[in-house]
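# Report on the structure
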Amino acid sequence: MPLNERDRIEILMMIGVGDRMRTQQEVCRLFHEMHPDREPVSQSTVSRIERKYRVLGHVRDAPRQGRPKINENVQQDVILSALENPHCTVRQVSRDLNIGKSSVSNIFKKVKYHPYRVRLIHELAEDDFDRRTEFCEYMMDHNNQNNGFIANILFSDEATFFLNGHVNRQNTRYWSQENPHWMQEYHTQHPQKLFSKPVAVGISALNNP
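Just so it is clear, the model here is predicted, and its values are computed rather than measured.

The subject of this paragraph is the side chain of Glu 10. Note that Glu 10 resides in helix 1 (residues 5-15). Despite being buried, Glu 10 has no salt bridge partner; Arg 6 is the closest side chain of opposite charge, sitting 6.0 Å away. Among the polar contacts listed, one links the side chain of Glu 10 to the side chain of His 35, at a separation of 3.1 Å. Aside from chain neighbours lying at most four places away, what touches Glu 10 is Phe 31, Met 34 and His 35.

Trans peptide bonds make up the majority, and among non-glycine residues the majority have a negative phi. Phi at Asn 98 takes a positive value of approximately 60°, unusual for a residue other than glycine. Counting through the fold element by element, Asn 98 comes out in the loop between helix 5 (90-97) and helix 6 (101-110). Judged by its relative accessible area of 71%, Asn 98 is exposed. In this structure, Lys 112 takes a positive phi of about 65° despite not being glycine. For Lys 112, a relative accessible area of 66% puts it in the exposed group.

Further remarks concern the pattern of salt bridges. Applying the stated criterion across every chain yields a total of three salt bridges. As a salt-bridge pair, Glu 50 and Arg 54 come within 2.9 Å of each other at their nearest N and O atoms. Taken together, the residues Glu 50 and Arg 54, both in helix 3 (residues 43-56) and four residues apart, mark about one turn of the helix. With a shortest N-O distance of 3.6 Å, Arg 131 and Asp 127 are connected by a salt bridge.

The description of two helices packed together rests on the angle between their axes and the distance between the axes. Viewed as axis vectors pointing N to C, helix 1 and helix 3 meet at an angle of 90°, and their least axial separation amounts to 10 Å. Between helix 1 and helix 3, the crossing angle belongs to the class labelled roughly perpendicular. In this structure, helix 1 contributes Arg 8, Ile 11, Leu 12 and Ile 15 to the contact, and helix 3 contributes Val 46, Ile 49, Glu 50 and Tyr 53. The residue inventory of the contact of helix 1 with helix 3, partitioned by class, reads six nonpolar, no polar and two charged.

A cluster of acidic side chains, namely Glu 126, Asp 130, Glu 134, Glu 137 and Asp 141, defines a negative patch on the protein surface. On the accessibility criterion, Glu 137 (45% relative accessible area) is partly exposed.

Analysis parameters
Residues numbered from 1 in each chain as written. Predicted model: local features only at pLDDT ≥ 70, side-chain atom pairs only at ≥ 80, totals over all residues. Heavy atoms only, no water. Helix = DSSP H or I, 4+ residues; strand = E, 2+ residues; numbered from the N terminus. Buried < 20%, exposed > 50% of the residue type's maximum accessible area, 1.4 Å probe, protein only. Lys, Arg positive; Asp, Glu negative; His and termini not counted. Salt bridge = Lys/Arg side-chain N within 4 Å of Asp/Glu carboxyl O. Polar contact = N/O pair within 3.5 Å; in protein donor to acceptor, adjacent residues only side chain to side chain. Contact = heavy atoms within 4.5 Å. Axes fitted to C-alpha atoms, helices over the stretch in contact; angles between N-to-C directions. Parallel < 35°, antiparallel > 145°, perpendicular 65-115°, else oblique. Nonpolar A, V, L, I, M, F, W, Y, C, P; charged D, E, K, R; others polar. Patch = residues over 30% accessible without salt bridge, like charges linked within 9 Å, V, L, I, M, F, W, Y side chains within 5 Å. Areas by Shrake-Rupley, 256 points an atom, 1.4 Å probe, with all protein chains shown as cover. Charge placed at Lys NZ, Arg CZ, Asp CG, Glu CD.

And the structure:
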(Lines give C-alpha, C1' and ligand atoms only; values in the text may rest on other atoms or scores of the structure.)
Protein backbone atom coordinates (compact mmCIF):
# COMPACT_ATOMS: atom_id res chain seq x y z
CA MET A 1 0.00 0.00 0.00
CA PRO A 2 1.57 3.34 -1.02
CA LEU A 3 2.21 6.01 1.57
CA ASN A 4 -0.07 9.03 1.57
CA GLU A 5 0.90 12.54 2.62
CA ARG A 6 -0.15 11.94 6.23
CA ASP A 7 2.10 8.83 6.45
CA ARG A 8 5.06 10.82 5.12
CA ILE A 9 4.54 13.59 7.69
CA GLU A 10 4.38 10.95 10.41
CA ILE A 11 7.71 9.51 9.24
CA LEU A 12 9.24 13.01 9.30
CA MET A 13 8.11 13.41 12.90
CA MET A 14 9.68 10.04 13.75
CA ILE A 15 12.98 11.16 12.22
CA GLY A 16 13.03 14.14 14.57
CA VAL A 17 15.30 17.19 14.52
CA GLY A 18 18.64 18.30 15.92
CA ASP A 19 20.17 16.00 18.53
CA ARG A 20 16.98 13.96 18.83
CA MET A 21 17.08 12.44 15.36
CA ARG A 22 16.52 8.71 14.82
CA THR A 23 18.35 6.55 12.32
CA GLN A 24 16.52 5.26 9.26
CA GLN A 25 16.53 1.76 10.72
CA GLU A 26 14.93 3.02 13.95
CA VAL A 27 12.28 4.91 12.01
CA CYS A 28 11.38 1.80 10.02
CA ARG A 29 11.05 -0.26 13.20
CA LEU A 30 8.96 2.42 14.96
CA PHE A 31 6.63 2.84 11.99
CA HIS A 32 6.08 -0.93 11.86
CA GLU A 33 5.33 -1.04 15.60
CA MET A 34 2.72 1.69 15.22
CA HIS A 35 1.19 0.08 12.11
CA PRO A 36 1.65 -3.69 12.47
CA ASP A 37 -1.14 -4.43 9.97
CA ARG A 38 0.60 -2.56 7.16
CA GLU A 39 3.55 -3.45 4.98
CA PRO A 40 6.84 -2.30 6.60
CA VAL A 41 8.59 0.69 5.03
CA SER A 42 12.15 0.42 3.77
CA GLN A 43 15.13 2.58 4.74
CA SER A 44 15.32 3.90 1.17
CA THR A 45 11.72 5.12 1.48
CA VAL A 46 12.54 6.98 4.69
CA SER A 47 15.62 8.47 3.01
CA ARG A 48 13.59 9.70 0.00
CA ILE A 49 10.98 11.32 2.23
CA GLU A 50 13.63 13.12 4.27
CA ARG A 51 15.54 14.28 1.16
CA LYS A 52 12.36 15.52 -0.52
CA TYR A 53 11.44 17.58 2.55
CA ARG A 54 14.93 19.14 2.75
CA VAL A 55 14.93 20.05 -0.96
CA LEU A 56 11.28 21.03 -1.58
CA GLY A 57 10.06 21.83 1.91
CA HIS A 58 7.07 19.46 1.62
CA VAL A 59 6.26 15.80 1.00
CA ARG A 60 3.28 16.21 -1.33
CA ASP A 61 3.02 14.29 -4.59
CA ALA A 62 4.09 16.18 -7.68
CA PRO A 63 1.28 17.11 -10.11
CA ARG A 64 0.71 14.33 -12.62
CA GLN A 65 1.36 15.08 -16.25
CA GLY A 66 -1.10 14.41 -19.01
CA ARG A 67 -4.77 15.11 -19.39
CA PRO A 68 -7.02 14.83 -16.33
CA LYS A 69 -9.38 11.90 -16.11
CA ILE A 70 -12.76 12.35 -17.70
CA ASN A 71 -15.46 12.58 -15.05
CA GLU A 72 -18.78 10.75 -15.20
CA ASN A 73 -20.72 13.84 -16.31
CA VAL A 74 -18.58 14.20 -19.43
CA GLN A 75 -18.92 10.48 -20.16
CA GLN A 76 -22.70 10.81 -19.93
CA ASP A 77 -22.63 13.80 -22.29
CA VAL A 78 -20.66 11.77 -24.86
CA ILE A 79 -23.10 8.85 -24.64
CA LEU A 80 -26.10 11.19 -24.89
CA SER A 81 -24.59 12.75 -28.01
CA ALA A 82 -24.50 9.32 -29.64
CA LEU A 83 -28.04 8.51 -28.52
CA GLU A 84 -29.45 11.79 -29.82
CA ASN A 85 -27.53 11.55 -33.09
CA PRO A 86 -26.20 8.04 -33.87
CA HIS A 87 -24.58 9.42 -37.05
CA CYS A 88 -22.32 11.85 -35.17
CA THR A 89 -18.57 11.67 -35.68
CA VAL A 90 -15.84 11.58 -33.07
CA ARG A 91 -14.59 14.93 -34.37
CA GLN A 92 -18.06 16.47 -34.04
CA VAL A 93 -18.56 15.24 -30.45
CA SER A 94 -15.05 16.38 -29.55
CA ARG A 95 -15.75 19.87 -30.91
CA ASP A 96 -19.21 20.18 -29.31
CA LEU A 97 -18.08 19.05 -25.83
CA ASN A 98 -14.60 20.61 -26.02
CA ILE A 99 -12.73 17.40 -25.15
CA GLY A 100 -10.04 15.46 -27.01
CA LYS A 101 -10.93 13.06 -29.82
CA SER A 102 -8.98 10.28 -28.13
CA SER A 103 -11.10 10.77 -24.98
CA VAL A 104 -14.29 10.48 -27.02
CA SER A 105 -13.01 7.31 -28.69
CA ASN A 106 -12.03 5.81 -25.34
CA ILE A 107 -15.48 6.52 -23.89
CA PHE A 108 -17.18 4.89 -26.89
CA LYS A 109 -14.91 1.89 -26.51
CA LYS A 110 -15.59 1.71 -22.77
CA VAL A 111 -19.36 1.48 -23.27
CA LYS A 112 -18.85 -0.91 -26.22
CA TYR A 113 -20.19 1.46 -28.87
CA HIS A 114 -19.14 0.48 -32.38
CA PRO A 115 -19.36 2.65 -35.54
CA TYR A 116 -21.42 0.48 -37.88
CA ARG A 117 -21.29 1.22 -41.58
CA VAL A 118 -24.36 1.84 -43.66
CA ARG A 119 -25.40 -0.98 -46.00
CA LEU A 120 -26.31 0.25 -49.46
CA ILE A 121 -29.04 -1.61 -51.34
CA HIS A 122 -30.17 -1.06 -54.91
CA GLU A 123 -33.40 0.81 -55.38
CA LEU A 124 -35.96 -1.34 -57.23
CA ALA A 125 -38.83 0.05 -59.26
CA GLU A 126 -42.15 -1.75 -59.57
CA ASP A 127 -41.35 -3.28 -62.99
CA ASP A 128 -37.74 -4.22 -62.16
CA PHE A 129 -38.75 -7.70 -61.03
CA ASP A 130 -40.43 -8.47 -64.38
CA ARG A 131 -37.45 -7.11 -66.29
CA ARG A 132 -35.08 -9.28 -64.27
CA THR A 133 -37.22 -12.33 -64.99
CA GLU A 134 -37.25 -11.50 -68.70
CA PHE A 135 -33.46 -11.14 -68.73
CA CYS A 136 -33.02 -14.53 -67.02
CA GLU A 137 -35.35 -16.17 -69.54
CA TYR A 138 -33.43 -14.50 -72.37
CA MET A 139 -30.10 -15.80 -71.09
CA MET A 140 -31.49 -19.31 -70.51
CA ASP A 141 -32.93 -19.48 -74.06
CA HIS A 142 -29.62 -18.42 -75.64
CA ASN A 143 -27.69 -20.83 -73.48
CA ASN A 144 -30.01 -23.69 -74.49
CA GLN A 145 -29.44 -22.86 -78.14
CA ASN A 146 -25.68 -22.56 -77.68
CA ASN A 147 -24.01 -24.39 -74.76
CA GLY A 148 -20.97 -22.11 -75.00
CA PHE A 149 -22.94 -18.88 -74.94
CA ILE A 150 -22.11 -17.96 -71.32
CA ALA A 151 -18.44 -18.80 -71.79
CA ASN A 152 -18.23 -16.45 -74.78
CA ILE A 153 -19.25 -13.35 -72.83
CA LEU A 154 -16.62 -10.87 -71.72
CA PHE A 155 -17.29 -8.95 -68.49
CA SER A 156 -15.46 -5.89 -67.16
CA ASP A 157 -15.82 -3.64 -64.12
CA GLU A 158 -17.85 -0.44 -64.07
CA ALA A 159 -17.38 3.02 -62.60
CA THR A 160 -19.99 5.58 -61.57
CA PHE A 161 -19.31 9.29 -61.00
CA PHE A 162 -22.10 11.18 -59.23
CA LEU A 163 -22.70 14.86 -59.99
CA ASN A 164 -24.95 15.66 -57.02
CA GLY A 165 -23.29 13.73 -54.17
CA HIS A 166 -24.02 10.30 -52.73
CA VAL A 167 -23.59 8.31 -49.54
CA ASN A 168 -19.95 7.81 -48.62
CA ARG A 169 -19.73 4.66 -46.53
CA GLN A 170 -16.25 5.60 -45.34
CA ASN A 171 -17.55 8.71 -43.56
CA THR A 172 -21.03 7.52 -42.59
CA ARG A 173 -21.40 5.64 -39.31
CA TYR A 174 -24.07 4.57 -36.86
CA TRP A 175 -22.88 4.44 -33.22
CA SER A 176 -24.58 1.64 -31.32
CA GLN A 177 -23.88 -1.25 -28.96
CA GLU A 178 -25.69 -3.62 -31.32
CA ASN A 179 -25.74 -3.79 -35.09
CA PRO A 180 -28.78 -1.73 -36.21
CA HIS A 181 -28.66 -3.30 -39.72
CA TRP A 182 -28.95 0.20 -41.07
CA MET A 183 -29.72 0.23 -44.80
CA GLN A 184 -30.24 2.98 -47.34
CA GLU A 185 -31.56 2.68 -50.86
CA TYR A 186 -28.90 3.36 -53.46
CA HIS A 187 -30.26 5.34 -56.43
CA THR A 188 -28.36 4.08 -59.47
CA GLN A 189 -30.80 4.85 -62.28
CA HIS A 190 -30.93 8.63 -62.02
CA PRO A 191 -29.50 10.91 -64.74
CA GLN A 192 -27.34 13.10 -62.45
CA LYS A 193 -24.21 10.99 -62.95
CA LEU A 194 -21.64 9.77 -65.42
CA PHE A 195 -21.70 6.03 -65.91
CA SER A 196 -18.97 3.93 -67.48
CA LYS A 197 -20.82 0.88 -68.78
CA PRO A 198 -19.13 -2.52 -68.48
CA VAL A 199 -18.29 -4.59 -71.53
CA ALA A 200 -20.59 -7.61 -71.94
CA VAL A 201 -20.56 -8.79 -75.54
CA GLY A 202 -20.39 -12.16 -77.16
CA ILE A 203 -17.34 -13.36 -79.04
CA SER A 204 -19.50 -14.11 -82.07
CA ALA A 205 -20.66 -10.48 -82.15
CA LEU A 206 -17.06 -9.32 -82.25
CA ASN A 207 -16.29 -11.64 -85.12
CA ASN A 208 -19.40 -10.55 -87.06
CA PRO A 209 -19.86 -6.80 -86.64
